[in-house]
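# Structural overview for review
Chain by chain, the residues run as shown.
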Amino acid sequence: MHVLIVEDETGLATELVHFLSKEHYKCDWASNGREASEKIAVNLYDFILLDLGLPDYDGLDLLAETKGLEHDPAVIVLTARGSLEDRIRGLGLGADDYLPKPFSLLELQARMQAVVRRKFKMKSSTMQFHGFELDSSTRRVHHHGSEILLTKKEFDLLHYLLLHKNRILTRLQLTEHIWGNILEEDYDSNYIDVHMKNLRKKLSVYEPTDFLETVRGVGYRLTT
């Protein structure tokens, strides 16, 4: 998933980028509100980790900006401002969770996973589809007990399509999710097409893959 970390403390931001990158997240960092606002306006983030105490911005104002976006990123507020008033206002503006500093990186990861489960109405990390089983916690895909070996990007592509099942996702959305920031003029490259072809080939050994639909001129859709 594509994550924006909005944090003015360089040490903490570096630690977050390092940890989340190892957990297969694509991370961008903004050290102030102006930079964060610009990144949010042009990139399709799945998650925003938002510090309220920014040098040039009230983080709650930035939170309000995210709620006007069509793609609706999940927001977890990370802040030393732990007053009840701030928490109530942040949650009222649409924050998905609130984690006071200092916090454990493992707890942050668990909360991010919990937010994903709530957002996509999942009861666990395991998702079933057309005879296959995908486990987002172990990053493995099985078909009736047989493991299917996917590359990191093939798994990310399948997982993202499955989270947004029955919804058309553009090549730009899929490319930003898998590669992170890209040049806008490069969005129609064949990266996604190549990975989709390879993914279909691996899954078709076990089941027909007509549930992975190509929407001509737009992108792809996984139907259930």
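Residues numbered from 1 in each chain as written. Predicted model: local features only at pLDDT ≥ 70, side-chain atom pairs only at ≥ 80, totals over all residues. Heavy atoms only, no water.

The name given to the protein chain in an unreviewed UniProt entry is DNA-binding response OmpR family regulator, with the source organism recorded as Rufibacter quisquiliarum.

## Let's talk about the sheet that holds strand β8 (residues 140-143)
Threshold: When DSSP finds at least two bridges between two strands, those strands are taken to pair. Going along the chain from the N terminus, every DSSP run of H or I of four or more residues is numbered as a helix, and every run of E of two or more is numbered as a strand. Orientation is described by axes fitted as lines to C-alpha atoms, over the contacting stretch for helices, and by angles from 0 to 180 degrees between their N-to-C directions.
Strands sit in the order β6-β7-β8-β9 across an open sheet of 4 strands; the sheet is antiparallel. For this open sheet the edge positions go to β6 (126-129) and β9 (146-148), each flanked by a neighbour on one side alone. Pairs of neighbouring strands in the sheet enclose a mean axial angle of 30°, with direction left out of account. Two elements, strand β7 (residues 132-135) and β8, share 4 bridges in a ladder whose sense is antiparallel. Bridged to Leu 134 within β8 is Val 141.

## Digging into the domain arrangement of the protein chain
What counts is decided by this rule: Residue ranges for the domains originate in an automatic or database domain assignment. Contacts: residue pairs with any heavy atoms within 4.5 Å of one another. Note on definitions: salt bridges are taken to be side-chain nitrogens of Lys or Arg within 4 Å of carboxyl oxygens of Asp or Glu. Any pair of N or O atoms that falls within 3.5 Å is considered a polar contact. Within protein, one atom must be able to donate a hydrogen and the other to accept it, and sequence-neighbouring residues count only if both atoms are side-chain atoms.
As far as domains go, the protein chain holds domain 1 (2-120) and domain 2 (126-222). Taking the mean C-alpha position of each, domain 1 and domain 2 sit 26 Å from one another. At the interface, 12 residues of domain 1 touch 13 residues of domain 2. Taken together, the connections running from domain 1 to domain 2 amount to 0 salt bridges. For the pair domain 1 and domain 2, the interface holds 2 residue pairs in polar contact (both at pLDDT 80 or more). Elements with a contribution of two residues or more to the side of domain 1 that touches domain 2: β2 (26-30) and α2 (33-42).

## Some thoughts on the pairing of β7
Across 4 bridges, β6 lies against β7 in antiparallel orientation. Bridged to Phe 129 within β7 is Phe 132. What sits between the antiparallel neighbours β7 and β8 is a turn of 4 residues, in which Arg 139 has the positive phi angle 60°.

## A word on the pairing of strand β3 (residues 47-50)
What counts here: Under the scheme applied here, a residue whose accessible area is under 20% of the maximum for its type counts as buried, over 50% as exposed, and between as partly exposed, the area being computed with a 1.4 Å probe on protein chains only. Note on handedness: a crossover is taken as right-handed if, strands pointing away from the viewer, the path from the first strand over the helix to the second is clockwise.
What you see with β3 is no split at all: Phe 47 and Leu 49 on one side and Ile 48 and Leu 50 on the other are buried throughout. Direction of pairing for strand β1 (residues 2-6) relative to β3: parallel, over a ladder of 4 bridges. Each residue of the ladder has a partner; that of Ile 5, found in β3, is Leu 49. Strand direction decides the pairing type here: β3 and strand β4 (residues 74-79), joined by 4 bridges, are parallel. Among the inter-strand pairings, Leu 50 is bridged to a residue of β4, identified as Val 77. For the segment spanning β3, helix α3 (residues 59-66) and β4, crossover handedness is right-handed.

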